Amino acid sequence: MQFKSMVLSNVELSPGYFRMRMTAPQELLASSPGQFLMLRVVDAIDPLLRRPFGLFDVGLFTPEYAGCGAQCYAEILYKVVGKGTKLLSSLHHGDLVDLLSPLGRGFEIGPSGEEKILVGGGIGLAPLYYLAKELVKKGEKVRLFAGGRNRDDILCITEFERLGVETYVSTDDGTLGDQGLVTEVLERHLGSGMRIFSCGPTPMLKAVALLAQKHGVPCQVSMEAYMACGVGACLGCVMKGANHTDENPDYRCVCKDGPVFDSFELQWS
Amino acid sequence: MQFKSMVLSNVELSPGYFRMRMTAPQELLASSPGQFLMLRVVDAIDPLLRRPFGLFDVGLFTPEYAGCGAQCYAEILYKVVGKGTKLLSSLHHGDLVDLLSPLGRGFEIGPSGEEKILVGGGIGLAPLYYLAKELVKKGEKVRLFAGGRNRDDILCITEFERLGVETYVSTDDGTLGDQGLVTEVLERHLGSGMRIFSCGPTPMLKAVALLAQKHGVPCQVSMEAYMACGVGACLGCVMKGANHTDENPDYRCVCKDGPVFDSFELQWS
Amino acid sequence: MQKPDMSVEIAGIKMRNPVMTASGTFGYGSEFADYMNLESIGAMITKGLSLKPKAGNPTPRIVETPGGMLNAIGLQNVGIDAFISKKLPYLQNVDTPVIVNLYGNTLEEYGEVASRLDGQQGVAGLEVNISCPNVKQGGIVFGTDPQAAQEVVRLVRKNTSKPVIVKLSPNVTDVVLMAKACADAGADALSLINTLTGIAIDLDRRRPVLANITGGLSGPAIKPVALRMVWQVAKNVKLPIIGIGGIMNGRDALEFILAGATAIQVGTASFLDPSAAQRIAAEMEAYLAEKQIPSIASLIGALEA
Amino acid sequence: MQKPDMSVEIAGIKMRNPVMTASGTFGYGSEFADYMNLESIGAMITKGLSLKPKAGNPTPRIVETPGGMLNAIGLQNVGIDAFISKKLPYLQNVDTPVIVNLYGNTLEEYGEVASRLDGQQGVAGLEVNISCPNVKQGGIVFGTDPQAAQEVVRLVRKNTSKPVIVKLSPNVTDVVLMAKACADAGADALSLINTLTGIAIDLDRRRPVLANITGGLSGPAIKPVALRMVWQVAKNVKLPIIGIGGIMNGRDALEFILAGATAIQVGTASFLDPSAAQRIAAEMEAYLAEKQIPSIASLIGALEA
Ligand SMILES: Cc1cc2nc3c(=O)[nH]c(=O)nc-3n(C[C@H](O)[C@H](O)[C@H](O)COP(=O)(O)OP(=O)(O)OC[C@H]3O[C@@H](n4cnc5c(N)ncnc54)[C@H](O)[C@@H]3O)c2cc1C
Ligand SMILES: Cc1cc2nc3c(=O)[nH]c(=O)nc-3n(C[C@H](O)[C@H](O)[C@H](O)COP(=O)(O)OP(=O)(O)OC[C@H]3O[C@@H](n4cnc5c(N)ncnc54)[C@H](O)[C@@H]3O)c2cc1C
Ligand SMILES: Cc1cc2nc3c(=O)[nH]c(=O)nc-3n(C[C@H](O)[C@H](O)[C@H](O)COP(=O)(O)O)c2cc1C
Ligand SMILES: Cc1cc2nc3c(=O)[nH]c(=O)nc-3n(C[C@H](O)[C@H](O)[C@H](O)COP(=O)(O)O)c2cc1C
Ligand code: FES
Ligand code: FES
C-alpha cells in the first residue's frame, strides 16, 4: 500500500542512529514483523530512489497521541550512512514522507513452545523489536543476542527488556557486554527446541546460518540488497537461491520473496 | 564575495510574494542599489544552479537584533514562480544559504537636485527600495511609480512612504490605485530635470525607455536574464548592445555589465 | 468543457491514452496491480523476453546516480514458455493492450521469439529491443549498426503478423540513420530511447559499483538527450514514435508529445511512485482540460522549432 | 604523515595537482580571481578561441535540466587578436599553466589559430575542440567522424610545437575509435567528455527553451557516461587522459582518476561554487592524506575491473 505519513518524532538515540515515528493507516496493523517499507525522503530527484527500512514497530496510539488524526503509527530505527539517511535525519515533526508498506515476506513465527532466539548485528536489530513484541504477545519465551562494533552500536536494549526479553549484548571492543562476536555468545546458548530469527550484516548472517545448521536449529535471516522498485518488478535486488546455477537460474527477489528467508533457501558461498 | 548567511525571517507579504532577511558580512554595506546576489537554495543538484535576486535592502542591525552574531543584514523580495523560489519560500529562521554578492553594476544615482523617478513593475520593485533609501539619505526628492496586474502585485508601498517617497500606484484591473499601465501614469508626470530608474518585465522597461527618450529624460533599466555563473564567465546571460551586429558583435553580460544599463546602451527591438 | 480526447493509435494498437509502461520497469504488470488501476493507461510493455530463461547478471545490478540510476539486470527473464504459461494469462484478463518486449542473443533467436508470440491471444504487438550484443558476432550491439539492426527487423517482420515496434539505442552517432534503417526494414513504429551506457565507481573499494561494470543510465538525467533524439527522428522519419526517457510527470510527457511522439513510456518513475503511469495519464489530461485543448492528437509534433 | 604528492604531468605540462578548469566555464580566469586562488590549481583552460571574434548564439542560451544544464553559447569569443592583446597578459602573470581551447569553423581555421598561438609566451598547450560543425562541409561535426577529426589533429600538430590535447565528443557510437584516430594523428593527450546534445522544451509556449533549439548537456547528470568513456579510452589508448563530466567534489574527481584519467576538469561546478576548482583540489588531497596514499599517481587507472 502507498500512503503519505507525517513525521511525529525523529530522535538520535546514539551517534548516527535515529528512531523515527510516523503516522500510518490502520491497515498497517496487518503487517508482520520482518516486513519493510520504502520511504521517499524528498519529492525531488536527489536522492532519486526510495530507501528501504524494516518496520521497527507498528501500533495503535496511546490516547495522549490521539490528537494527531491517525490512530496508528509506524517506527523505523535507522543509521545515517549516506545522502538519503542524512536527509532523513533532518526531518522534523510535521514533515510528510511518502511510504510503501508493508512490503515483502516477514518472519515465520513457528510453533509455540520453542525458544525464540533473536540475533541482531548493529542496525540489524531494527526489525527484531517488532518481532519480539509479537512473540511476547503470544506468550513465547524470547532471547535477544545483540552485537555491534562498540557501545554506540547497541540500541534499545531496555525496550527489549521491558518486554521481558532476556538480552545478551556483545561488542567487538568490549565497551558494552561481552567482548567478541555475537555468534560466539550465541553458540554458547544454542540447543534444541530453539528457532533463530536473525538480521544484520551478511557475513554475520552467514555465520549464524552455519551455526544453526551445525546445531540443527531452524534459522531465518533478513537480507539487504540495493532496491529500486521494492515490488518485485525491476529484478535489481536478487540473490541466488540455494539451487541456483547459470543453466537453471534460481534468483530470489529480496524485496518480494524476502527480505526474510529460511537460511537454507539461499546460496551462502 | 562568497559567504554563508543565516535566514532570519522569511515572510509571505501577499499571495506568492515573500520578503526574506538574512545575515550578511559588513562588506556588503559597500554594495550599491541595483546590484544583486546569487543564492544557492540547497546544497544538492536539484535545483542545480544559483538563483539571482536583487538586493531589496542592506543595512546594520538595530540593536535588538544584535544577538545573532552578524552586525549586518541583507534582504530580498521575491515571487514564487518555480522550483527554486518554492523551495526558498520553505526556508525558516536558522537555515543557511550560500550567497554570492554584491554582483554586477548598480544604478548610477546621478547629480543631486534632479527628481529621481523610480518605476517598478510587479516584483521589479525589489531593487528600488534599496535605491530609494540611499537617495533619501542623500536628500534627493524621490517619486515611485509602482504597477502590477492586480492588488496582490503591489508590495511595500508603506515602506516607501515611510521613507518620504511620493508613491503612485496603478494596476491593470484597477483593484488598487489607478487602473491602467504604470507607463500611462508615468507619462502624465514626466518632465525635465528628472532621472528614471526602472525595473520590471522587459516589455515595460522598453515602454519606459521609449517614454524617457521621447521626453529627453535619462533612464536606467535593470534587466533580467537566465544566469549560470553570475560573474561574467559563462556568457549565458548576454543581451545585444545598441550597436550589435553579427559582424561586429556587441553582447553585454547582464550579470557583469548590468543588470543596470542606460536605456540607450541596449538594442530594444 | 467536455473531457479532452486522449486516445491515440500506434500501428493499429488503439490506446485510451498515450501512456505506456517501459519494459523492465513494470515487471509483468501484476506487480503494480495493488498500486494502480492497470486499465487506466494506454498500454503495458512487459520485461524483455528471450527464447530460453535468462539468469541475468550477478549483483549489484543497480545503483543510484545524480538524477538517475544505472541498471545492469542482464535481461533476466522467465523465457517464452513460462511467459506464455504463467504471465500471459493474467495479462489477457486486463483490458489494456499488452506489448511484448523481446530480444535475442543471436539474429535467429529474434525470429524464433517473434514467431512463437505470433499466434498468442492478448499480445497486441511486439517491441524489439536491439540494444543488446550479438553473442555470435563478438558482441557487437545490433542497435549500433544499421545493417545488423535491419537484419533483425526484417526477420522479426517476416515472423509476425503483429505490429512491430523497434526500440532504438541512444548510444549512437546518428540516431536518424538507425531510425531510417529500421523503417526501411519494415518497422511499424519506433520507440526511443533505451538507456545510455555508463558506469559508477565505488571510490573506497576502488571497484565499479555494478558487478557488470557498465550499466544503462535512466531517469530524469537523460531527458534532454531523449527529447533531442525524439525530435530529430520525428523530423526525419514518417513512422509513429514512442518517446521514452526520464518522464516523471504529465508535463514531461507532454514535452515528448510536442517533440513528435505519439505516445510515451514511463520507466524509472514507476520505481519512485508505483502509480506513476496512472498519475501521469491523469496529469496529461488535466493539462489539456485546463488549456482547453480538445485532443492530444493536436499536440503531436506541435513544437514550434 | 607528510603531504601527499598531488603533482601530475600531461604531455610535458607540469601541474601542481590534477585539477584544471573546463573551457567555457571559467572565462579567461580573471572572472574567478575574487573567489579563489588561481595558483592553487593544476591548470586553466580558456574559453574556446577562434580566428575571428564570434558573436555566438541568440538568447536564451542556457537552461537548467534535471541534475544538469544545457548551454548553447555558440562559442562566443573575442577572437585571437583580442585574446593575445587583452586576455593573455593577465594570464601570463598567474603562476599556473594556461591551456588555450581552440576551434575552427573550417579545417583551415584550426591550423591558423594553432600557428598564431604557437609563438605565444604563457600558452602551455592547446586543447582542440572538435565538437563543432564544419561550415564548409554541410555542418558535419569534425568530432563525430574519424577522418575529419584526424585531418584537424594533423593540421594543428603541424602548426604548433606546443602540446596538443584533443577534446572528444561523447555524441558518438564508438569513442575508442575516435580516440585512436586522434592518437594516430599525433595528439599528445585526450580530454573527454564534451557535452551531450540535448534539448529542453517550454511546454506552455510550445517552443524549445534555447534559441538555438539544441544545446550541450553538462553537470552531474552526465557523470556516469563520462566515467564510462574515460574508462573505455584509458583501456584502449596509451595517451594521457583528462577526465571531464559532472565533477562536483573531490570524490567525483578521484573516481575519474581511478577510471584512468591523469587529470580532471571542473566545469559546471564552477557556476554553483566559484571556488569549486580550488575546493576540489583540496578535497582530493585530503582524501589521499586520510587514506595515507602517498601520491595521486598511484591511483591513476587503479580501478579493479
Ligand atoms: C529490506 C531492507 C531493510 C532495511 N532496514 C533498515 C533499517 O531498518 N535501518 C537502517 O538503518 N537501514 C536499513 N536498511 C539499509 C538502508 O536501506 C540503507 O542504509 C539506506 O538505503 C542507505 O541510504 P543512503 O542514501 O543513506 O545511503 P547511500 O549510500 O547514499 O545510498 C545510495 C544507494 O544505495 C542504496 N543502499 C546503500 N546501502 C544500502 C543497504 N545497506 N541496503 C540496501 N540499499 C542500500 C540506497 O538505497 C541508495 O539506493 C535496510 C535495507 C533493506 C534492503
Ligand atoms: C539580476 C536579476 C535580479 C532578479 N531579482 C529578482 C528579485 O529581486 N525578486 C524576484 O522574485 N526575482 C528576481 N529575479 C528573477 C529570479 O531570478 C527568478 O524568478 C528565479 O530565478 C526563478 O527561479 P525558480 O527556480 O523559482 O523558477 P524556474 O522557472 O524553476 O527556474 C528555472 C531556471 O530559469 C531561471 N529563471 C526563471 N525565471 C527567471 C527570470 N525571470 N530571470 C532570470 N532567470 C530566471 C532560474 O534562475 C533557473 O535557472 C531576478 C533575476 C535577475 C537576472
Ligand atoms: C531496471 C531496468 C530494466 C530495464 N529493462 C529493459 C528491458 O528488459 N528491455 C528494454 O528494452 N528496456 C529496458 N529498460 C529500459 C527502459 O525500458 C527505458 O527505455 C529506460 O529506462 C529509459 O526510460 P526512463 O528514463 O523513464 O527509465 C530497463 C530500464 C531499467 C531502469
Ligand atoms: C556554458 C558552457 C560553455 C562551454 N564552452 C565550451 C567551449 O567553449 N569549448 C569546449 O571545448 N567546451 C565547452 N564547454 C564544455 C565544458 O568544457 C565541459 O566539457 C562540459 O561542460 C562537461 O563538464 P561539466 O559537466 O563539469 O560541466 C562548455 C560548457 C558550458 C556549461
Ligand atoms: S527492488 Fe525491484 S525487484 Fe526487488
Ligand atoms: S551569468 Fe554567466 S556570464 Fe552572466
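So, a few notes on the structure that sits alongside this text.

Calculation criteria
Residues numbered from 1 in each chain as written. Chains lettered and ligands numbered in written order. Predicted model: local features only at pLDDT ≥ 70, side-chain atom pairs only at ≥ 80, totals over all residues. Heavy atoms only, no water. Helix = DSSP H or I, 4+ residues; strand = E, 2+ residues; numbered from the N terminus. Rg over C-alpha atoms; globule rule 2.2 N^0.38 Å. Buried < 20%, exposed > 50% of the residue type's maximum accessible area, 1.4 Å probe, protein only. Contact = heavy atoms within 4.5 Å. Areas by Shrake-Rupley, 256 points an atom, 1.4 Å probe, with all protein chains shown as cover. Lys, Arg positive; Asp, Glu negative; His and termini not counted. Charge placed at Lys NZ, Arg CZ, Asp CG, Glu CD. Phe/Tyr/Trp six-rings, centres within 6.5 Å; stacked < 30°, edge-to-face > 60°. Lys NZ or Arg CZ within 6 Å of the ring centre and 35° of its normal. Polar contact = N/O pair within 3.5 Å; in protein donor to acceptor, adjacent residues only side chain to side chain. Right-handed = clockwise from strand over helix to strand, strands pointing away. Pairing = 2+ DSSP bridges. Buried area = accessible area lost by both parts, 1.4 Å probe. Salt bridge = Lys/Arg side-chain N within 4 Å of Asp/Glu carboxyl O. Nonpolar A, V, L, I, M, F, W, Y, C, P; charged D, E, K, R; others polar. Near = heavy atom within 4 Å. Axes fitted to C-alpha atoms, helices over the stretch in contact; angles between N-to-C directions. 1 Å grid on protein atoms, 1.4 Å probe; cavity = no way out; pocket = protein on both sides within 12 Å on 5 of 7 lines; lining within 4 Å. Points joined across faces, edges and corners; volume = space filled by probe spheres on them. Least-squares fit on C-alpha atoms with pLDDT ≥ 70 in both.

## Remarks on the overall build of chain A
- When you go through chain A residue by residue, the secondary structure sums to five helices and 16 strands.
- Relative to its length of 269 residues, chain A is compact, with a C-alpha radius of gyration of 18 Å against a globular reference of 18 Å.
- Along the first, second and third principal axes, the C-alpha set of chain A runs to 50 × 50 × 35 Å.
- Sorting the 269 residues of chain A into buried and exposed places 58% on the buried side.
- Put simply, 63% of the contacts in chain A that link residues at least 6 apart link residues at least 24 apart.
- When the accessible surface of chain A is totalled, it reaches about 11,100 Å², and 52% of it is carbon and sulfur.
- In chain A, 26 side chains carry a positive charge and 31 a negative one; their mean positions are 1 Å apart.

## What to know about the packing of aromatic side chains
- Scanning all chains against the criterion turns up 20 aromatic pairs over all chains.
- Here the aromatic cluster, defined as three or more aromatic residues joined through ring pairs, consists of Phe-18, Phe-53 and Tyr-78 of chain A.
- Its end group placed over the ring of Trp-231 of chain C, Lys-235 of chain C keeps NZ or CZ at 3.9 Å from the ring centre.

## A look at the side chain of Gln-76 of chain D
- With respect to the secondary-structure elements, Gln-76 of chain D resides in the loop between strand 6 (68-71) and helix 1 (79-92).
- Side-chain polar atoms of Gln-76 of chain D contact the side chain of Arg-61 of chain D, separated by 2.5 Å.
- Non-local contacts of Gln-76 of chain D, meaning those with residues more than four positions away in its chain, are made with Leu-235, Val-238 and Tyr-251 of chain B together with Lys-47, Lys-54, Ala-55, Gly-56 and Arg-61 of chain D.

## Section: unusual backbone geometry
- Residue Pro-259 of chain A follows Gly-258 of chain A across a cis peptide bond; omega there is 5°.
- Along the polypeptide, Pro-259 of chain A turns up in the loop between strand 15 (251-253) and strand 16 (260-262).
- Cis geometry marks the peptide bond from Leu-192 of chain D to Ile-193 of chain D, where omega comes out at 15°.
- In this structure, Leu-235 of chain B takes a positive phi of about 60° despite not being glycine.
- Judged by relative accessible area, Leu-235 of chain B falls into the buried class, the value being 14%.
- Even without glycine at this site, Ile-213 of chain D takes up a positive phi of about 70°.
- Within the fold, Ile-213 of chain D resides in the loop between strand 13 (207-208) and strand 14 (214-218).

## Structural notes on the pairing of strand 13 (residues 219-222) of chain A
Residues and elements named next belong to chain A.
- Neither face of strand 13 is open: one carries Cys-219 and Val-221, the other Gln-220 and Ser-222, and all of them are buried.
- Following the backbone out of strand 12 (residues 194-199), through helix 5 (residues 202-214) and into the adjacent parallel strand 13, one traces a crossover that is right-handed.
- Taken together, the three bridges between strand 13 and strand 16 define a ladder with antiparallel strand orientation. Its bridge partner being in strand 16, Val-221 is matched across the sheet by Phe-261.

## Some details on the interface of chain C and chain D
- Facing 41 residues of chain C, the contacting portion of chain D comprises 41 residues.
- Counting the surface lost from both chain C and chain D, the interface buries some 3,900 Å², and carbon and sulfur atoms represent 67% of this.
- On the chain C side of the interface with chain D, the three residues burying the most area are Ile-201, Leu-203 and Arg-206 of chain C, jointly 19% of the side's total.
- Summed over the shared surface of chain C and chain D, the result is six salt bridges.
- In this structure, the salt-bridge partner of Arg-207 of chain C is Glu-304 of chain D, at a minimum N-O distance of 3.7 Å.
- Where chain C packs against chain D, one counts eleven residue pairs in polar contact (both at pLDDT 80 or more).
- Taken together, the elements giving at least two residues each to the side of chain C that touches chain D come down to strand 11 (196-199), strand 13 (207-208), strand 14 (214-218), helix 5 (223-236) and helix 6 (250-259) of chain C.
- For the side of chain C that touches chain D, the per-class residue count stands at 25 nonpolar, seven polar and nine charged.

## As for the site of ligand 3
Residue and element names in this part refer to chain C.
- Near ligand 3 you find 24 residues, and of these Ser-23, Lys-167, Gly-219, Gly-246 and Thr-268 are the closest.
- Gly-219 is positioned with one of its backbone polar atoms (N or O) 2.8 Å from an oxygen atom of ligand 3.
- Here the residues of the shell around ligand 3 are counted per class, giving seven nonpolar, 15 polar and two charged.

## Some details on the sheet that holds strand 8 (residues 125-129) of chain D
All names here are of chain D.
- The strand order around the closed barrel built from eight strands is 3-4-7-8-9-10-15-16, with neighbouring strands paired in parallel fashion. In this sheet, adjacent strand axes meet at a mean angle of 25° when their direction is disregarded.
- Of the strand pairs in this sheet, strand 9 (residues 164-167) and strand 10 (residues 189-192) are connected by three bridges, and their pairing is parallel. Residue pairing in the sheet places Val-166 in a bridge with Leu-190 of strand 10.
- Contacting strand 10 and strand 15 (241-244), helix 5 (residues 223-236) crosses the sheet at an angle of about 170° to strand 15.
- Contacting strand 15 and strand 16 (263-266), helix 6 (residues 250-259) crosses the sheet at an angle of about 145° to strand 16.

## Brief notes about empty space enclosed by the protein
- For the structure on display, the rule yields two cavities of 30 Å³ or more.
- Size it by volume and the largest cavity reaches roughly 90 Å³.
- Around the largest cavity, the lining comprises 14 residues; the ones closest to its centre are Pro-170, Asn-171 and Leu-196 of chain C together with Pro-170 and Leu-196 of chain D.
- Listing elements by their share of the lining of the largest cavity, those giving two or more residues are helix 5 of chain C together with helix 5 of chain D.
- Of the residues assigned to the lining of the largest cavity, the class counts are ten nonpolar, two polar and two charged.
- In terms of lining, the second largest cavity is formed by Met-227, Ala-228, Cys-229, Gly-230, Gly-232, Ala-233, Cys-234, Leu-235, Cys-237, Cys-253 and Cys-255 of chain B.
- Across the lining of the second largest cavity, the residue classes break down as nine nonpolar, two polar and no charged.

## Here we look at the relation of the copies chain C and chain D
- Relative to chain D, chain C is turned by 180° and slid 0.0 Å along the rotation axis, the superposed coordinates differing by an RMSD of 0.0 Å. These values place the two chain copies in the arrangement generated by a two-fold rotation axis.
- The residues that chain C uses at the interface reappear at the interface of chain D in 100% of cases, marking a shared surface.

## What to know about the pairing of strand 7 (residues 98-102) of chain C
Residues and elements named next belong to chain C.
- With respect to burial, strand 7 is a largely interior element, five of its five residues being buried.
- Alternating residues of strand 7 divide into Val-98, Val-100 and Leu-102 and Ile-99 and Asn-101, and every residue in both groups is buried.
- Here strand 4 (residues 43-49) pairs with strand 7 via four bridges, running parallel. Among the inter-strand pairings, Met-44 is bridged to a residue of strand 7, identified as Val-98.
- By the bridge criterion, four bridges tie strand 7 to strand 8 (residues 125-129) in an arrangement that is parallel. Opposite Leu-102, over in strand 8, you have Val-128 as the bridge partner.
- One crossover worth recording links strand 7 to the parallel strand 8 by way of helix 2 (residues 107-118), and it is right-handed.

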